[in-house]
Amino acid sequence: MIGKLKGTVDEIGEDHVIIDVHGVGYVAYCSARTLSNLPAAGEAVTLFIETYVREDMIRLFGFASPLEQEWFRLLQSVQGIGAKVALSVLGVLTPSDLANAIALRDIAMVSRAPGVGKRVAERIVTELKNKAPAFAGEASGTIGLKQEIGEGVAPRPVADAVSALTNLGYSRDQAANAVAAALKEAGEGADSTKLIRLGLKELSR
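Sequence order as written defines residue numbering, which begins from 1 separately in each chain. Totals for whole chains, interfaces and linings use all residues, but because this is a predicted model, local features are given only for residues with pLDDT of at least 70 and pairs of side-chain atoms are given and counted only at 80 or more. Just so you know, side-chain values use all the structure's heavy atoms and leave hydrogens and water out.

**Student:** I'd like to hear about a nonpolar patch on the surface, residue by residue, with values.
**Tutor:** Patches here: salt-bridge-free residues with over 30% relative accessible area, like charges joined within 9 Å, nonpolar side chains (Val, Leu, Ile, Met, Phe, Trp, Tyr) joined within 5 Å. For the area figures, the Shrake-Rupley method with a 1.4 Å probe applies, and any residue is considered shielded solely by the protein chains shown. Basic side-chain nitrogens of Lys or Arg form a salt bridge, by our definition, when they fall within 4 Å of a carboxyl oxygen of Asp or Glu. The grouping of Met-1, Val-53 and Ile-58 at the surface amounts to a nonpolar patch, some 400 Å² of accessible area in total. A run of H or I in DSSP counts as a helix once it spans at least four residues, and a run of E counts as a strand once it spans at least two, with each numbered from the N terminus. If you trace the backbone, Ile-58 turns up in strand E5 (residues 57-63). Buried, partly exposed and exposed residues are distinguished by accessible area as a fraction of the type maximum, computed with a 1.4 Å probe on protein chains only: under 20%, between the cut-offs, and over 50%, respectively. Look at Ile-58 and you get exposed, because its relative accessible area is 62%.

**Student:** Any details on the sheet that holds strand E4 (residues 44-54)? Residues and values, ideally.
**Tutor:** The strand order E1-E2-E3-E5-E4 describes a closed barrel built from five strands, whose pairing is mixed. Mean inter-strand twist for the sheet, computed between neighbouring axes without regard to direction, equals 55°. Strands are treated as partners if at least two bridges between them are detected by DSSP. By the bridge criterion, six bridges tie strand E2 (residues 16-21) to strand E3 (residues 24-29) in an arrangement that is antiparallel. By the bridge assignment for E3, Asp-20 is matched with Gly-25. Contacts: residue pairs with any heavy atoms within 4.5 Å of one another. For helices, the axis comes from a line fit to the C-alpha atoms of the stretch in contact; other axes are also lines fit to C-alpha atoms, and the angle between any two N-to-C directions lies between 0 and 180 degrees. On top of the sheet, helix H2 (residues 66-75) reaches E4 and E5; it is set at about 20° to E4, its chief contact.

**Student:** Explain the pattern of salt bridges to me, and be specific about the residues and the numbers.
**Tutor:** Using the criterion set out here, one finds four salt bridges in the structure. In this structure, Glu-50 engages Arg-73 in a salt bridge whose closest nitrogen and oxygen atoms are separated by 2.9 Å. Within this pair, whereas Glu-50 is found in strand E4, its partner Arg-73 is found in helix H2, the two being separated by 23 residues in sequence. Two residues, Glu-70 and Arg-73, come together in a salt bridge whose shortest N-O distance is 3.5 Å. Of this pair, Glu-70 and Arg-73 are both found in helix H2, three residues apart, which corresponds to roughly one turn of the helix. Using a relative accessible area of 40% as the deciding quantity, one classes Arg-73 as partly exposed.

**Student:** Could you give an account of the environment of Ala-159, with specific residues and numbers?
**Tutor:** Mapped onto the fold, Ala-159 is located in helix H8 (residues 156-167). Between the alpha carbons of Ala-159 and Ala-83 there is a distance of 36 Å; along the sequence they are 76 residues apart.

**Student:** Account for the nonpolar core, with residues named and values stated.
**Tutor:** Of all hydrophobic cores here, the largest spans 34 residues; its most connected members are Trp-71, Phe-72, Leu-75, Leu-98, Val-110, Ile-124 and Leu-128. Listed by contribution, the elements that provide at least two residues to this core are E5, H2, helix H3 (83-92), helix H4 (95-103), helix H5 (107-110) and helix H6 (118-128). The residues touching Leu-75, leaving out its near neighbours within four places in the chain, are Ile-81, Ala-86, Val-89, Leu-90, Leu-98, Ile-124 and Leu-128. Take the buried residues of types Ala, Val, Leu, Ile, Met, Phe, Trp, Tyr and Cys, join any two whose side-chain atoms come within 4.5 Å, and each joined set is a nonpolar core. Of all hydrophobic cores here, the second largest spans 18 residues; its members include Ala-154, Ala-178, Leu-183 and Ala-190.

As structure tokens, this is what we get:
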């Protein structure tokens, strides 16, 4: 089984890249985000690889990080989601964005991915809500609070502050991040007015 490829970019296609490893060209299918961040042809590249072996084919899927690869596996644990849809989701949302969207139960955010309708997005959010925190990456510091907000069990001042900031036009993720930072500065007993004020200060930076 191939777990990683380290070589040079030979060619970048619509949904794949060919990596030259000592004269052998490996075709790795990648998300749109990963493909857009690849270096130019002839330059060095390393991809983490998921190998699928079937009776009629061997297919390689490439990822920029082990975390993206973990999410590829995790998404396919959801009923009705295969490799193509998993790559589509990862092409639109980073692992941290995806963890945040699931924690906040932001179905609209997840359904932005091509081929993912509202029903599929709901399944992703519902089936992965308990697994997302372990794969939150850089969002791990605020994922617990976001889960409380998404499930409607956050403290009233926190929920009110997030609601106020979203009413001002910020996304739920931006609002939740700002309120999390405000809560860290103000302390657990802060009221919504203080959290809103500090949150706005955080968002203006």
